[in-house]
Protein chains: 2
Amino acid sequence: MNILYDERLDGPLPAVDPTLALERLREALPGVTLLHRDEDRRPFECDGLSAYRVMPMLVALPDTIEQVEALLRTCHELGLPVVTRGAGTGLSGGALPLEQGVLLVMSRFNRILQIDPDARIARVQPGVRNLAISEAAAPHGLYFAPDPSSQIACSIGGNVAENAGGVHCLKYGLTVHNVQALEVITIEGERMTLGSEALDTPGFDLLALFNGSEGMLGVITEVTVKLLPRPQSAKVIMASFDDLENAGRAVGDIIAAGIVPGGLEMMDNLAIRAAEDFIHAGYPVEAEAILLCELDGVEADVADDCRRVREVLAAAGATGITLARDDAERARFWAGRKNAFPAVGRLSPDYYCMDGTIPRRELPRVLKGIARLSDESGLRVANVFHAGDGNLHPLILFDANEAGELELAERVGGSILELCVEVGGTITGEHGVGREKINQMCTQFDADEITLFHALKAAFDPRTLLNPGKNIPTLARCAEYGAMHVHNNQLPHPELPRF
Amino acid sequence: MNILYDERLDGPLPAVDPTLALERLREALPGVTLLHRDEDRRPFECDGLSAYRVMPMLVALPDTIEQVEALLRTCHELGLPVVTRGAGTGLSGGALPLEQGVLLVMSRFNRILQIDPDARIARVQPGVRNLAISEAAAPHGLYFAPDPSSQIACSIGGNVAENAGGVHCLKYGLTVHNVQALEVITIEGERMTLGSEALDTPGFDLLALFNGSEGMLGVITEVTVKLLPRPQSAKVIMASFDDLENAGRAVGDIIAAGIVPGGLEMMDNLAIRAAEDFIHAGYPVEAEAILLCELDGVEADVADDCRRVREVLAAAGATGITLARDDAERARFWAGRKNAFPAVGRLSPDYYCMDGTIPRRELPRVLKGIARLSDESGLRVANVFHAGDGNLHPLILFDANEAGELELAERVGGSILELCVEVGGTITGEHGVGREKINQMCTQFDADEITLFHALKAAFDPRTLLNPGKNIPTLARCAEYGAMHVHNNQLPHPELPRF
């Protein structure tokens, strides 16, 4: 399906006899649901990045930790690769199955084990939905801060595996900053506890290492997250701009003024119109860009910040500034943003959602670069940003039924990511590398760094059985993909566009 | 010096001819200061844990990054171990030299390279003092939050290496939470950049891995730290208690009330009297315990929090509650706390400062356990805590000139750390493992985990040349030290005391 991705560059996978593997797993895992028929496996052939599809050899749905241990031990004995999956909402293909591997589905581990309001933690199983944690904590006035747009559906195990972000991560950090401890099982079937209730843990920081490791180091079986007190008050200001670059600059101005918004989001005209048409959020459809700025905290603090943000926005050339009247309007403003992806999806048969990060000061320059890539490729690009933390989500519109358009969209996407690296940013903000961005990892890192990543991986999984072909490219892939590594913020061939 | 520590358990170090090593390093490093005479090396024989002293074979004081690269490359070729040191204020012996190794002193790398108030970051060399960063950022209304008591003297490279904490870490996190990027050099002399200005970095989280790695993975040559806006207002409340356990419970009550203090500290009677005698901070010398609770933020918020904290303290049985009248009194309250260690040092010829962390709810139980250990050993123990984050600093008083007292103090200290692990805590809060707590690592982790740590170390430094014998014990050491690993929060022999 993906034209740019050549899986032969990941090296050979073990030759496995599916019938034998099924037989051995059935012996080792009595009572465990093992799906092997086509119609049963079909629903698992992709995650949220549906442009990539692979039919897994076998799907396992264990119910107990002991079954997960036994499954991993057996796969280790058989040399059988394992891809772990939660809710399957990931956007970078991190849970894309393998034809020659087992897909380990953790969705049955969906219990909230403990809410401790005094210690302000929740101990949950990995299949618990992100939003369910905040719902369970709500009676204690607490919540779990990271809030990916998929929070109704995505599960916490996947959030950890991809180090997921969200609107509130500007102020409250990514998943890694909100996880206190993990229980994991290694490929050899050993249980380990990473982190603790204490602020620090001796030895190397394995807890941080697991966050964002995309199922390559072990399988997460329990997550202890930090809970935060729900802010007394939250307000949202919407500002409109008739110039995209002014909006970009206003973002930096707000931060430079010493304000830390709960969220600071930006949408361009195409995204505004799509969202307004879909959600009727009350967005100004003529604006070139809008900013949504949420301020939260105690009442007096929020009022003071609102006043200062209005001043900064006015000075930055905002053509309209609206404070959401009440919680209903505030929710409507956010609904437009949170549904921007499906809204844009209504404009075009297909779209490709990118996820790069840049230093805030580079927003105007990168916006120009994206516009140029859009012009030269002829593909429309809608821009939706977590602007406060410089996390871009350009949505590239295309039609997969038109010959060459998917390939063109992927090339434009790749060029956008390389532009992010060129200005000192990174190829992922919150969606992870997965399968989607594995080529761009060769841009982000040099051969020494990639070699080090492989050595770290080998410390946990020397036979490379956990999610092979994701996250960390082989050196062969980087050699094939070309010497794209950036030195001193300069790509070898800095002229744009490169598709 | 340390009776419990047998360095033969770290395995043999390479046999090195000091004269040959000096000759080779002189050739490779023209113009670099290399100290080899006894009187020149003597000042470097210990760090802040002065009970442990080793004369380094050779001390190198490079001036440029290129010299550090050349030094590491040469040591790698020669198989010569390297211990890196900053200001030498560390309290766990992390920078203790090796008789057969080079001590690499980074103190000449003391320049602040950039303060970027818009991006809210400071880029500094590793030898820059912790407090100097906040001083340089002050004109922009910004500061660097982690504030170890040694902040006047300690350097940021060492803060990263030990993942240092401080009074403000309860609210603002440890060093790891406040570092944005690092430049490092591997033992092979390769430069690497870890992290970026973006919130997330793809691949495994090497940045977090380096924080707290105690010079075992590479040498830090540049640190980019996050700067925070200085809070508009800060107040300190001092509460006295006639019962230590009530004070311990009040800590949990404040957190459970949804308040996040800037700092929340506790001192027991012995520490109170010592500090008052030394600093005249205005502490109530009859109290069994005091709490110092700092509240910071915008004016109205702080006022509101002060009111709520007073209520919680009164309900918890505080016998006195005093709000510092002004900044001068606030500074005096903190001066007593920040000088508690030297103050206690005046009570006894020697003291041994421990550093463990426990879940807050276990404070009363652990305080009882420490009192019992003190009674049974006959050694006085003064308690100074970062109570809000459960980080204990028991100070064990002894006289090294009395036969057996140092050994007894070390045994009591070891038992306190094991008690911390037993209640679900850890053997270090902010001072690191270093040489001091390497035996207790065998309590904290099992053989599989220790093996994994060694494999991670080998990914960076396969020949184990960087700071060998610190942080991660050999399996031989753990076998010798005994099967002390805790399972299910139960030590194999849970009866106390164990010294």
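Residues numbered from 1 in each chain as written. Chains lettered and ligands numbered in written order. Predicted model: local features only at pLDDT ≥ 70, side-chain atom pairs only at ≥ 80, totals over all residues. Heavy atoms only, no water.

Which residues make up the overall build of chain A, and what are the values?
The number of helices and strands found in chain A is 17 helices and 19 strands. For chain A, the C-alpha radius of gyration of 23 Å lies close to 23 Å, the compact-globule estimate for 499 residues. For chain A, the C-alpha atoms occupy an extent of roughly 70 × 55 × 45 Å along the three principal directions. Expressed as a percentage of the 499 residues in chain A, the buried residues total 61%. Long-range contacts, defined here as pairs at least 24 residues apart, represent 72% of the contacts in chain A between residues at least 6 apart. For chain A, the exposed area adds up to about 17,800 Å²; of that, 49% sits on carbon and sulfur atoms. For chain A, the centre of its 44 positive side-chain charges and the centre of its 70 negative side-chain charges are spaced 3 Å apart. (Helix = DSSP H or I, 4+ residues; strand = E, 2+ residues; numbered from the N terminus. Rg over C-alpha atoms; globule rule 2.2 N^0.38 Å. Buried < 20%, exposed > 50% of the residue type's maximum accessible area, 1.4 Å probe, protein only. Contact = heavy atoms within 4.5 Å. Areas by Shrake-Rupley, 256 points an atom, 1.4 Å probe, with all protein chains shown as cover. Lys, Arg positive; Asp, Glu negative; His and termini not counted. Charge placed at Lys NZ, Arg CZ, Asp CG, Glu CD.)

So what's going on with the relation of the copies chain B and chain A? Which residues, and what values?
Each copy superposes on the other: chain B lies on chain A with an RMSD of 0.0 Å after a rotation of 180° and an axial shift of 0.0 Å. Both copies are brought into coincidence by an operation consistent with a two-fold rotation axis. Most of the interface of chain B is mirrored in chain A: 100% of its interface residues are interface residues there too. (Least-squares fit on C-alpha atoms with pLDDT ≥ 70 in both.)

So what about the domain arrangement of chain A? Which residues, and what values?
Many analyses report the size of an interface as the accessible area lost when the parts associate. Residue and element names in this part refer to chain A. Examined at the domain level, chain A breaks down into domain 1 (112-229), domain 2 (233-342) and domain 3 (348-422). One C-alpha centre belongs to domain 1, the other to domain 2; they are set 29 Å apart. When the two sides are added together, the surface that domain 1 and domain 2 hide from each other amounts to roughly 850 Å², 51% of it contributed by carbon and sulfur. Among the residues domain 1 hides against domain 2, the three largest losses belong to V167, L170 and K171. Together they make up 62% of the total. D296 is the salt-bridge partner of K171, the closest N and O atoms lying 2.6 Å from each other. Here the side of domain 1 that touches domain 2 is built from residues that sort into three nonpolar, three polar and two charged. (Domains from an automatic or database assignment. Buried area = accessible area lost by both parts, 1.4 Å probe. Salt bridge = Lys/Arg side-chain N within 4 Å of Asp/Glu carboxyl O. Nonpolar A, V, L, I, M, F, W, Y, C, P; charged D, E, K, R; others polar.)

Quick one: what's the story with the nonpolar core, residue by residue and with numbers?
Ranked by internal contacts, the top residues of the largest apolar core, which has 180 residues, are L182 and L313 of chain A together with L182 and L313 of chain B. In this structure L182 of chain A touches V160, M192, T193, L194, L207, F210, I220, E222 and V223 of chain A, once residues within four positions along its chain are discounted. (Core = buried A, V, L, I, M, F, W, Y, C linked by side-chain atoms within 4.5 Å.)

Tell me what's going on with the interface of chain B and chain A, and back it up with residues and numbers.
The partner chain A presents 65 residues to the 65 residues of chain B that form the contact. In total, about 5,100 Å² of surface goes out of reach between chain B and chain A, with carbon and sulfur atoms giving 65% of it. Looking at the side of chain B facing chain A, the largest losses of area belong to L199, P202 and F204 of chain B, adding up to 16% of the total buried there. Linking chain B with chain A are two salt bridges. Residues D116 of chain B and R361 of chain A are paired through a salt bridge, measuring 3.8 Å at the closest nitrogen-oxygen approach. If you look at where chain B meets chain A, you find four residue pairs in polar contact (both at pLDDT 80 or more). Mapped onto the side of chain B that touches chain A, the elements with two or more residues apiece are β9 (191-195), α7 (206-210), α8 (244-256), α10 (299-315), α15 (441-444) and α16 (447-460) of chain B. Here the residues of the side of chain B that touches chain A are counted per class, giving 33 nonpolar, 16 polar and 16 charged. (Polar contact = N/O pair within 3.5 Å; in protein donor to acceptor, adjacent residues only side chain to side chain.)

How would you explain the packing of aromatic side chains if you had to name every residue and give the values?
All names here are of chain A. If you walk through the whole model with that rule in mind, you get eight aromatic pairs over all chains. Consider the rings of Y143 and Y172, whose centres lie 6.4 Å apart with planes at 85°: the pair is edge-to-face. Taken together, the residues span a long stretch of sequence, with Y143 in strand β7 (residues 142-143) and Y172 in helix α6 (residues 169-172) at a distance of 29 residues. With a centroid separation of 5.8 Å and an interplanar angle of 75°, the aromatic rings of F210 and F460 are classed as edge-to-face. Taken together, the residues F210 in helix α7 (residues 206-210) and F460 in helix α16 (residues 447-460) connect sequence positions 250 residues apart. Pair check on accessibility: F210 and F460 agree, each one buried. (Phe/Tyr/Trp six-rings, centres within 6.5 Å; stacked < 30°, edge-to-face > 60°.)

Can you tell me about the pairing of strand β2 (residues 58-61) of chain A, naming the residues and giving the values?
Residue and element names in this part refer to chain A. Burial along β2 is two-sided: the face carrying L58 and A60 and the face carrying V59 and L61 are both buried. Sheet topology places strand β1 (residues 33-35) next to β2; three bridges connect them, and they run antiparallel. For L35, the partnering residue across the bridge sits in β2 and is V59. The pairing of β2 with strand β4 (residues 102-105) spans three bridges and is parallel. (Pairing = 2+ DSSP bridges.)

Would you mind going over the environment of I112 of chain B in detail, with residue names and values included?
Position of I112 of chain B relative to the elements: it lies in strand β5 (residues 112-116). With 209 residues separating them along the chain, I112 of chain B and I321 of chain B place their C-alpha atoms 42 Å apart.

Lay out helix α4 (residues 130-137) of chain A in plain terms, naming residues and giving numbers.
Among all positions of α4 of chain A, only N130, A132, I133, S134 and A137 of chain A are buried. Next to the buried residues of α4 of chain A lie β5 (112-116), β6 (121-124), β7, α5 (156-162) and β10 (219-226) of chain A.

Can you explain the sheet that holds β2 of chain A? Please cite residues and give values.
Residue and element names in this part refer to chain A. The strand order across the open sheet formed by four strands is β1-β2-β4-β3, and the pairing between neighbours is mixed. Each edge of the sheet is formed by a strand with only one pairing partner; in this case those strands are β1 and β3 (82-85). On average, each strand axis in the sheet is inclined to that of its neighbour by 25°, with strand direction left out of account. In this fold helix α1 (residues 18-28) packs onto β1, β2 and β4, with an angle of close to 170° to the strand it touches most, β1. Set on the sheet, helix α3 (residues 65-78) makes contact with β2, β3 and β4; between it and β4 the angle comes to about 165°. (Axes fitted to C-alpha atoms, helices over the stretch in contact; angles between N-to-C directions.)

Outline the sheet that holds strand β1 (residues 33-35) of chain B, listing residues and values.
Strand pairs in the sheet, formed through backbone hydrogen bonds, run parallel or antiparallel to each other. Residue and element names in this part refer to chain B. Within the open sheet, the four strands sit side by side as β1-β2-β4-β3. Their pairing is mixed. Looking along the sheet, the strands with just one partner apiece sit at the ends: β1 and β3 (82-85). Each strand of the sheet is rotated relative to its neighbour by a mean of 25°, with strand direction disregarded. On top of the sheet, helix α1 (residues 18-28) reaches β1, β2 (58-61) and β4 (102-105); it is set at about 170° to β1, its chief contact. On the sheet, helix α3 (residues 65-78) packs against β2, β3 and β4 and is oriented at approximately 165° with respect to β4.

Tell me about the confidence of the model for chain A, and name the residues and values.
All names here are of chain A. Averaged over all residues, the pLDDT of chain A equals 90, while 95% of them reach at least 70. Confidence drops under a pLDDT of 50 for residues 483-499, and excluding neighbours within four residues, the segment shows 44 contacts in the predicted structure. For this predicted complex, the interface score ipTM comes out at 0.85, alongside a pTM of 0.89. (pLDDT = per-residue confidence, 0-100.)

Give me the packing of α8 of chain B against helix α13 (residues 363-377) of chain B: which residues, what numbers.
Residue and element names in this part refer to chain B. Contact geometry of α8 with α13 gives a least axis separation of 8 Å together with a crossing angle of 150°. Classified by the angle between their axes, α8 and α13 sit roughly antiparallel to one another. The handedness of the crossing between α8 and α13 is right-handed. The segment α8 lies against α13, with L244, E245, G248, R249 and V251 engaging L363, P364, L367 and K368. (Parallel < 35°, antiparallel > 145°, perpendicular 65-115°, else oblique. Left-handed = near helix turned anticlockwise from the far one by under 90°.)

So what's going on with the pairing of β9 of chain B? Residues and values would help.
Residue and element names in this part refer to chain B. Note that strand β8 (residues 179-185) and β9 share five bridges and pair antiparallel. Note that in β9 the partner of V184 across the bridge is M192. Between β8 and the antiparallel strand that follows it, β9, lie five residues; G189 among them carries a positive phi value of about 85°.

Run through the state of the cysteines, naming residues and quoting values.
Residue and element names in this part refer to chain A. Under the counting rule described, the total for this entry stands at two disulfides over all chains. The disulfide partner of C442 is C478, and the S-S distance across this bridge is 2.1 Å. Torsion about the S-S bond of the C442 and C478 cystine: about -80°, corresponding to left-handed handedness. On the criterion of sequence distance, the pair formed by C442 in helix α15 (residues 441-444) and C478 in helix α17 (residues 475-481) is long-range, its members being 36 residues apart. As far as burial versus exposure is concerned, C442 and C478 are alike and both buried. Sulfur of C306: no disulfide; nearest cysteine sulfur belongs to C293 and is 7.8 Å away. (Disulfide = S-S within 2.5 Å.)

Account for the environment of P359 of chain B, naming residues and giving values.
Locating P359 of chain B in the fold gives a position in the loop between β17 (356-357) and α13. Linking P359 of chain B and L209 of chain B, residues 150 residues apart in sequence, is a C-alpha distance of 23 Å. The contact partners of P359 of chain B, leaving out residues within four places of it in the chain, are E197 of chain A together with V423, G424 and G425 of chain B.

An account of the pattern of salt bridges is requested, with residue identities and associated values reported.
Residues and elements named next belong to chain A. Applying the stated criterion across every chain, the model contains 57 salt bridges over all chains. Close ionic contact of E294 with R330 constitutes a salt bridge, the shortest N to O distance being 3.3 Å. Within this pair, whereas E294 is found in strand β14 (residues 289-297), its partner R330 is found in helix α11 (residues 327-338), the two being separated by 36 residues in sequence. A relative accessible area of 22% places R330 in the partly exposed class.

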